[in-house]
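Report on the structure
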Amino acid sequence: MMDKKTLLDNGLLEQYLLGELNADQCNEIEKLLASDAELKAKYDILDQDFESMGLENAIDPPAEVKSNILKQVSKPNRPKAKVIKLYSGGKDKYYLGIAASVAGLLLVGSIWMFSQLSDVKQQLNTVEINNSELNNTIDKLNKELNSNTALFATLSHPDTEQYILKGNTLMPEGKVVSYINHTTKSVVINAEKLPDLDADHDYQMWADVEGEMINMGIISKDKNLLAMNYIDHAESLNITIEPAGGNHHPTVEKLVTNVYLN
């Protein structure tokens, strides 16, 4: 019989979200989610962050891809695709369907990036037009793919721990979800619920190590889900408002949220 501790210690919640478990395991997890509000809240947050990662790393295809697809579709005498009937588990498989959808989104996103990378490289070898633009596209795809892989690895790792930084009186509506993995030495945060700042200020994250605040990086305004610097032996995570571009030392009176690590 599966319990909450077994579920969290073995990363089964992430595997359930990705559709990697069998039917019996899924049924047990669904019962736990239905009976444990705290566990369900943790699952919902993880679900949203997986989806955000897939959407934020989506890349628009080159214009010629659409025209090539339309040409292939419009060709006469195309062989009919084989239709395979998929198994439907009914209403009791609702959460499994959500997990499969998220897993599918991530899988399609990764396959798409691999596919586009291959297509662009082929075009670079066969077409002599716009070589500079194609090279830039390859670099962008490689960077996005590496970033997406690193974020996914941290979120889905069984040793990853989740901490929620709730805003204080300076930012009561703010909240940041952090994922820390001491095994892989990685930190990922979801900053979607940080209020927008003006152009002259940035959020900056700090790790408290024996009373010393060490810079973990500026929180980018471009993405909600991003990796931060991992700091060994951190006792707490802290976020302050600093001048644009960051600061060498935290402005303590501008501390907006923090959380102590177990």
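Our structure is the block above this text.
Residues numbered from 1 in each chain as written. Predicted model: local features only at pLDDT ≥ 70, side-chain atom pairs only at ≥ 80, totals over all residues. Heavy atoms only, no water.

The subject of this paragraph is the sheet that holds strand β5 (residues 212-218). With antiparallel pairing, the four strands of this open sheet are ordered in space as β5-β4-β7-β8. Two strands close off the open sheet at either side, each with one partner strand: β5 and β8 (255-260). The average undirected angle you get between the axes of adjacent strands in this sheet is 30°. Sheet analysis places strand β7 (residues 236-243) next to β8, joined by five bridges and oriented antiparallel. Considered in β8, the bridge of Leu237 is made with Val259. (Pairing = 2+ DSSP bridges. Helix = DSSP H or I, 4+ residues; strand = E, 2+ residues; numbered from the N terminus. Axes fitted to C-alpha atoms, helices over the stretch in contact; angles between N-to-C directions.)

Size it by volume and the largest pocket reaches roughly 370 Å³. The wall of the largest pocket is formed by 16 residues, among which Leu8, Glu38, Lys42, Glu161 and Gln162 lie closest to the centre. Of all the secondary-structure elements, those providing two or more residues to the lining of the largest pocket are α1 (4-9), α4 (37-56) and β1 (161-166). By residue number, the principal contributor to the lining of the largest pocket is α4, which donates five residues. (1 Å grid on protein atoms, 1.4 Å probe; cavity = no way out; pocket = protein on both sides within 12 Å on 5 of 7 lines; lining within 4 Å. Points joined across faces, edges and corners; volume = space filled by probe spheres on them.)

With respect to the secondary-structure elements, Ser178 resides in strand β2 (residues 175-181). In this structure, Ser178 is in contact with Glu161, Gln162, Tyr163, Leu165, Val188, Ile189 and Leu237, ignoring residues within four places of it in sequence. (Contact = heavy atoms within 4.5 Å.)

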